[in-house]
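Results of the structural survey
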Amino acid sequence: MGVVLNGFLGGAIARRNRFDIVGFGILAIVSALGGGALRDMLLNTLPVALTDPAYLLCALIGAVLAYLIVPQGRVWRGITGLADGMVLGAWATTGTTKALAAGLDWLPSMLLGLTTAVGGGMIRDVAVGNVPAVFGGNNLYATPALVASGGVLIANALGMPPDWLMVLGVGLGLSITGASRLWRIRLPQHDDQDLLRLSPSQLKALVRRAERIGRKQARQNTSDEDSQRQH
């Protein structure tokens, strides 16, 4: 499920950039399997995506779904947001439990959980020329993965069965991601404190500028959606 959903998210970005079917497949594979491949190489093992063809097949299924389905509108944004949260939780749990099974301590296990969750997205974003989402400035991304990984570590120490660890990790990733999108929660950026030093007139000018940029972006998004429908 995690591979298909992440493959679909990669394919959705390929659609946004108007790639062909090859681009859909490559972005889906990178998005779905890149983090796991990084994790396995750090653990000095052959990436599981190369030993089990089901992983590649599921990633390509996600690409095909993204190629055939036009993900637009508020409903689809909500669906992709939920899918993102589920994938973050699932991959964070997988990376953390694999690191624990390899005999690593809790901090390296959290690091590998985070790498598994966001590594594929980082590679995908760099491949299409975007700043990786994990660097911030948007909805919480690395934080849900870290929370899921930490929860799994605690539950594992308390003796929770492996299957329930996955349920817990997915639930934590989904809830944190959903809350951040619903209430627009994000971590403070470096320049956020500069707003406290602005005068009221400067703040008003900044708000007006932001509103103009927002209206311009909304018109651009509408134009892009019209172009995609025509395409």
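Just above, that's the structure.
Residues numbered from 1 in each chain as written. Predicted model: local features only at pLDDT ≥ 70, side-chain atom pairs only at ≥ 80, totals over all residues. Heavy atoms only, no water.

**Focus on the environment of S175**
- Take S175: it is sitting in helix α8 (residues 162-182).
- The class for S175 is partly exposed, based on a relative accessible area of 40%.
- Along the primary structure S175 and A148 are separated by 27 residues, whereas in three dimensions their C-alpha atoms are 9.9 Å apart. (Helix = DSSP H or I, 4+ residues; strand = E, 2+ residues; numbered from the N terminus. Buried < 20%, exposed > 50% of the residue type's maximum accessible area, 1.4 Å probe, protein only.)

**Looking at the side chain of T93**
- Its place among the elements puts T93 in helix α5 (residues 74-101).
- When sequence neighbours within four positions are dropped, the list of residues in contact with T93 reads V152, L165, M166, G169 and V170. (Contact = heavy atoms within 4.5 Å.)

**What about unusual backbone geometry?**
- Even without glycine at this site, N44 takes up a positive phi of about 60°.
- The topology assignment puts N44 in the loop between α2 (21-42) and α3 (48-51).
- Positive phi, close to 55°, is recorded for R184, a residue that is not glycine.
- Inspection of the secondary structure assignment puts R184 in the loop between α8 and α9 (200-230).
- With relative accessibility at 72%, the residue R184 sits in the exposed group.

**Details of the packing of α5 against helix α7 (residues 142-157)**
- Where α5 meets α7, the closest approach of the two axes is 8 Å, and the angle between their N-to-C directions is 45°. Regarding the angle of α5 to α7, the classification is oblique. The handedness of the crossing between α5 and α7 comes out as right-handed. The residues of α7 that touch α5, namely those facing L88, G89, A92, T93, T96, T97 and L100, are P144, A145, A148, S149, V152, L153 and N156.
- Within the contact of α5 with α7, the residues separate by chemical class into 8 nonpolar, 6 polar and no charged. (Axes fitted to C-alpha atoms, helices over the stretch in contact; angles between N-to-C directions. Parallel < 35°, antiparallel > 145°, perpendicular 65-115°, else oblique. Left-handed = near helix turned anticlockwise from the far one by under 90°. Nonpolar A, V, L, I, M, F, W, Y, C, P; charged D, E, K, R; others polar.)

**Quick word on empty space enclosed by the protein**
- Tallied over the entire structure, the rule returns 1 cavity of 30 Å³ or more.
- What the largest cavity holds in volume is close to 50 Å³.
- N6, L9, S31, D84, V87, L88, A117, G120, G121, R124 and Y141 together form the lining of the largest cavity.
- Looking at the lining of the largest cavity, the elements with two or more residues in it are α1 (2-16), α5 and α6 (106-127).
- No other element matches the 4 residues that α6 contributes to the lining of the largest cavity.
- Residue classes in the lining of the largest cavity are distributed as 5 nonpolar, 4 polar and 2 charged. (1 Å grid on protein atoms, 1.4 Å probe; cavity = no way out; pocket = protein on both sides within 12 Å on 5 of 7 lines; lining within 4 Å. Points joined across faces, edges and corners; volume = space filled by probe spheres on them.)

**Let's talk about helix α4 (residues 53-68)**
- Taking 1.5 Å of rise per residue, 16 residues should cover 22 Å, and α4 covers 23 Å from first to last C-alpha, within 8% of that figure.
- Residues A59, G62, A63 and A66 constitute the buried set of α4. What you see down the axis of α4 is that its buried residues fit within an arc of 100°, all on one side. Opposite its buried face, α4 presents the exposed residues P53, L57 and L68, each directed more than 90 degrees away. (Expected span 1.5 Å × (residues − 1). Arc of directions from axis to C-beta.)

**Looking at the nonpolar core**
- V3, L33, A117 and V118 are the most contacted members of the largest nonpolar core, which totals 16 residues.
- Element by element, the count of residues in this core is highest for α5, at 4 residues.
- Once you skip the residues sitting within four places of it in the chain, L33 turns out to touch V3, A49, Y55, L56 and A59. (Core = buried A, V, L, I, M, F, W, Y, C linked by side-chain atoms within 4.5 Å.)

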